[in-house]
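Each chain, letter by letter, is given below.
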Number of protein chains: 2
Amino acid sequence: MKAEATRQKIVERADELIYAKGFGETSFADIAGAVGISRGNFYYHFKSKDEILDAVIEKRLVDRERLLANWGETSDDPLKRIECFIKIVVVNQTKIMAYGCPVGTLTAELAKIDHGSGAKANEILALFRDWLTRQFLELGCGGEASAHALHVLSWSQGVATLAQAFKDEAFVRREVEQILDWAEAVKNQTGHAPKSATGR
Amino acid sequence: MKAEATRQKIVERADELIYAKGFGETSFADIAGAVGISRGNFYYHFKSKDEILDAVIEKRLVDRERLLANWGETSDDPLKRIECFIKIVVVNQTKIMAYGCPVGTLTAELAKIDHGSGAKANEILALFRDWLTRQFLELGCGGEASAHALHVLSWSQGVATLAQAFKDEAFVRREVEQILDWAEAVKNQTGHAPKSATGR
DNA sequence: AGAGGATTAGGACATTTGACCTAATATGTC
DNA sequence: GACATATTAGGTCAAATGTCCTAATCCTCT
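## Some remarks on the overall build of chain A
Piece 1. Tallying secondary structure elements over chain A gives 11 helices and 0 strands in all.
Piece 2. Of the regular secondary structure in chain A, the N- to C-terminal order runs α-α-α-α-α-α-α-α-α-α-α.
Piece 3. Seen through its principal axes, chain A has C-alpha atoms that stretch 65 × 35 × 30 Å.
Piece 4. Counting the 200 residues in chain A, one finds 51% classified as buried.
Piece 5. For chain A, the proportion of contacts with a sequence separation of at least 24, taken over those separated by at least 6, is 69%.
Piece 6. As displayed, chain A has an accessible area near 9200 Å², and 51% of this comes from carbon and sulfur atoms.
Piece 7. Counting 26 positive and 28 negative side-chain charges, chain A places the centres of these two groups 3 Å from one another.

## Things to note about the interface of chain A and chain B
Piece 1. Across the boundary between the two partners, chain A contributes 42 residues, which contact 42 residues of chain B.
Piece 2. Regarding the contact of chain A and chain B, the summed buried area is about 3600 Å², with carbon and sulfur atoms giving 58% of it.
Piece 3. Inspection of the chain A/chain B interface yields 0 salt bridges.
Piece 4. At the surface where chain A touches chain B, the tally comes to 14 residue pairs in polar contact (both at pLDDT 80 or more).
Piece 5. Mapped onto the side of chain A that touches chain B, the elements with two or more residues apiece are helix 1 (2-21), helix 8 (102-112), helix 9 (118-138), helix 10 (145-166) and helix 11 (169-192) of chain A.
Piece 6. Top contributing element to the side of chain A that touches chain B by residue count: helix 10 of chain A, with 13 residues.

## Concerning the protein's contact with DNA strand D
Piece 1. Contacts to DNA strand D come from 19 residues, most closely from A:Ala3, A:Arg39, A:Gly40, A:Asn41 and A:Tyr44.
Piece 2. In this structure, a phosphate oxygen belonging to DNA strand D sits 3.1 Å away from a side-chain N or O atom of A:Asn41.
Piece 3. One of the side-chain N or O atoms of B:Arg39 is found 3.1 Å from a base oxygen in DNA strand D.
Piece 4. At the level of elements, helix 1 and helix 3 (39-45) of chain A together with helix 3 (39-45) of chain B are the ones that each hand at least two residues to the surface near DNA strand D.
Piece 5. Sort the elements by how many residues they give to the surface near DNA strand D and helix 3 of chain A lands first, with 5 residues.

## Describing the packing of helix 10 of chain A against helix 9 (residues 145-166) of chain B
Piece 1. Helix 9 of chain B packs onto helix 10 of chain A with a crossing angle of 115 degrees between their chain directions and a minimal axis gap of 7 Å. You can see that helix 10 of chain A and helix 9 of chain B cross each other, and the crossing is right-handed. For the pair helix 10 of chain A and helix 9 of chain B, the contacting residues are A:Leu150, A:Leu153, A:Ser154, A:Gln157, A:Gly158, A:Val159, A:Thr161, A:Leu162 and A:Phe166 in the first and B:Leu150, B:Leu153, B:Ser154, B:Gln157, B:Gly158, B:Val159, B:Thr161, B:Leu162 and B:Phe166 in the second.
Piece 2. Each residue belonging to the contact of helix 10 of chain A with helix 9 of chain B can be placed in one class, and the counts come to 10 nonpolar, 8 polar and no charged.

## Here we look at the relation of the copies chain A and chain B
Piece 1. You can overlay chain A on chain B at an RMSD of 0.2 Å; the transform is a turn of 180 degrees with a shift of 0.1 Å along its axis. Look at the turn and shift together and you get a two-fold axis relating the two. Across chain A, the rotation axis passes nearest the C-alpha of A:Gly158, at a separation of 1.8 Å.
Piece 2. Mapped onto chain B, 100% of the interface residues of chain A are again interface residues, and the two copies thus contact each other with one and the same surface.

## Examining the protein's contact with DNA strand C
Piece 1. The full set close to DNA strand C counts 17 residues, and A:Phe28, A:Tyr43, B:Thr6, B:Tyr44 and B:His45 are the nearest of them.
Piece 2. Considering the 4 Å shell around the protein, atoms of DNA strand C inside it are sugar or phosphate in 78% of instances.
Piece 3. Here B:Ser38 contributes a backbone N or O atom positioned 3.2 Å from a phosphate oxygen of DNA strand C.
Piece 4. Within the side chain of B:His45, one N or O atom sits 2.6 Å away from a phosphate oxygen of DNA strand C.
Piece 5. Among the elements of the structure, helix 3 of chain A together with helix 1 (2-21) and helix 3 of chain B are those that each provide at least two residues to the surface near DNA strand C.
Piece 6. Per element, the largest residue contribution to the surface near DNA strand C is 4 residues, and it comes from helix 3 of chain B.
Piece 7. Taken together, the residues of the surface near DNA strand C break down into 5 nonpolar, 9 polar and 3 charged.

What counts and how
Residues numbered from 1 in each chain as written. Chains lettered and ligands numbered in written order. Predicted model: local features only at pLDDT ≥ 70, side-chain atom pairs only at ≥ 80, totals over all residues. Heavy atoms only, no water. Helix = DSSP H or I, 4+ residues; strand = E, 2+ residues; numbered from the N terminus. Buried < 20%, exposed > 50% of the residue type's maximum accessible area, 1.4 Å probe, protein only. Contact = heavy atoms within 4.5 Å. Areas by Shrake-Rupley, 256 points an atom, 1.4 Å probe, with all protein chains shown as cover. Lys, Arg positive; Asp, Glu negative; His and termini not counted. Charge placed at Lys NZ, Arg CZ, Asp CG, Glu CD. Buried area = accessible area lost by both parts, 1.4 Å probe. Salt bridge = Lys/Arg side-chain N within 4 Å of Asp/Glu carboxyl O. Polar contact = N/O pair within 3.5 Å; in protein donor to acceptor, adjacent residues only side chain to side chain. Near = heavy atom within 4 Å. Axes fitted to C-alpha atoms, helices over the stretch in contact; angles between N-to-C directions. Left-handed = near helix turned anticlockwise from the far one by under 90°. Nonpolar A, V, L, I, M, F, W, Y, C, P; charged D, E, K, R; others polar. Least-squares fit on C-alpha atoms with pLDDT ≥ 70 in both.

Okay, here's the thing in structure tokens:
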């Protein structure tokens, strides 16, 4: 199956280019050039630009699912898993400073142009949201779990946006420390005083 | 000066369209159509697409400066002024849910395509950052003022991003309440225990 | 009122770019 | 060699940018 290998390469390069330049600014020729194949060959695998986009979103979804599954196997402590999520902004700092969050910037762009695949792109965010909710539930946060999940997800998007704009490593470090402290506080509170939602 | 009026109209419509569709997806024809003028007239005022972008960014800068100045006159209490900033996400909720943050989404797009005006767009974020820093300084936060400013700015970007993705009003309300509480706590802490930076 | 500059409409045209398509060729497999 | 699979090299077509020009109209000043 040589076709499958080529197809994968196309999706990989397209993923990178769409991340780096945005969907609208990424052309057939760009991707074909990056892969090193002709435009015609490209069309053999994907009949339209939207098809590539769908494939890229699908790949991102699968990649993130795998990532989350790995974290699930790494530790039994939900707090540790939440910390893994938080630390992505440090692990991927260089790319985030250059291109922002791959998920956030794509969903924003697709929402603006009212693209049909926008909903699919949102599923990646929803995947993170639901996964985080489950972690907070395991922590014993009960009804506040989903609010906490959105809080962390929102935090990550804000940090990514400012990191891209200002390229300020100290800012990222500070924010990570703060939210890690917050997460720990959430865990410690859930035992005895599980109400104060504003105790961030 | 009829030309000035026309020019302003062009910039206004261009501002709206670039906000709603993004810079890359907004064409000359789009803007000319929205204003209701001919293409020839259009080129009489702007010789290139980049020129319009610059004018739009300039307008946004001036608009925001005026907005901040107004808040400065509204209240002597820096905390109240910070609250004004925080509440933008509620005041502009409808548009944010549709198109995200005008400033954040534009800076992200321009950074990706490595556009020369990206730096100018970043100035709007810097304007907010510096203004917020001044408010926290007035609150007596000292060396933590700029970190607090970035924290609030980052918060607003995160909320805007998720608001656009999930269109969840309750989430926005919750986040606003939380950060308002945090801001108040920052103020109350500065009197006696001004160190705990993580006390968010 | 009229001269003259400023503004607007409208269109012709060159150029580029990108999405999309096709016919011919290559590659490998049986 | 036959056959399906994979790839290439071209070309078409529409849209967008950018340039230029001409003829109206509007405004202002005298």
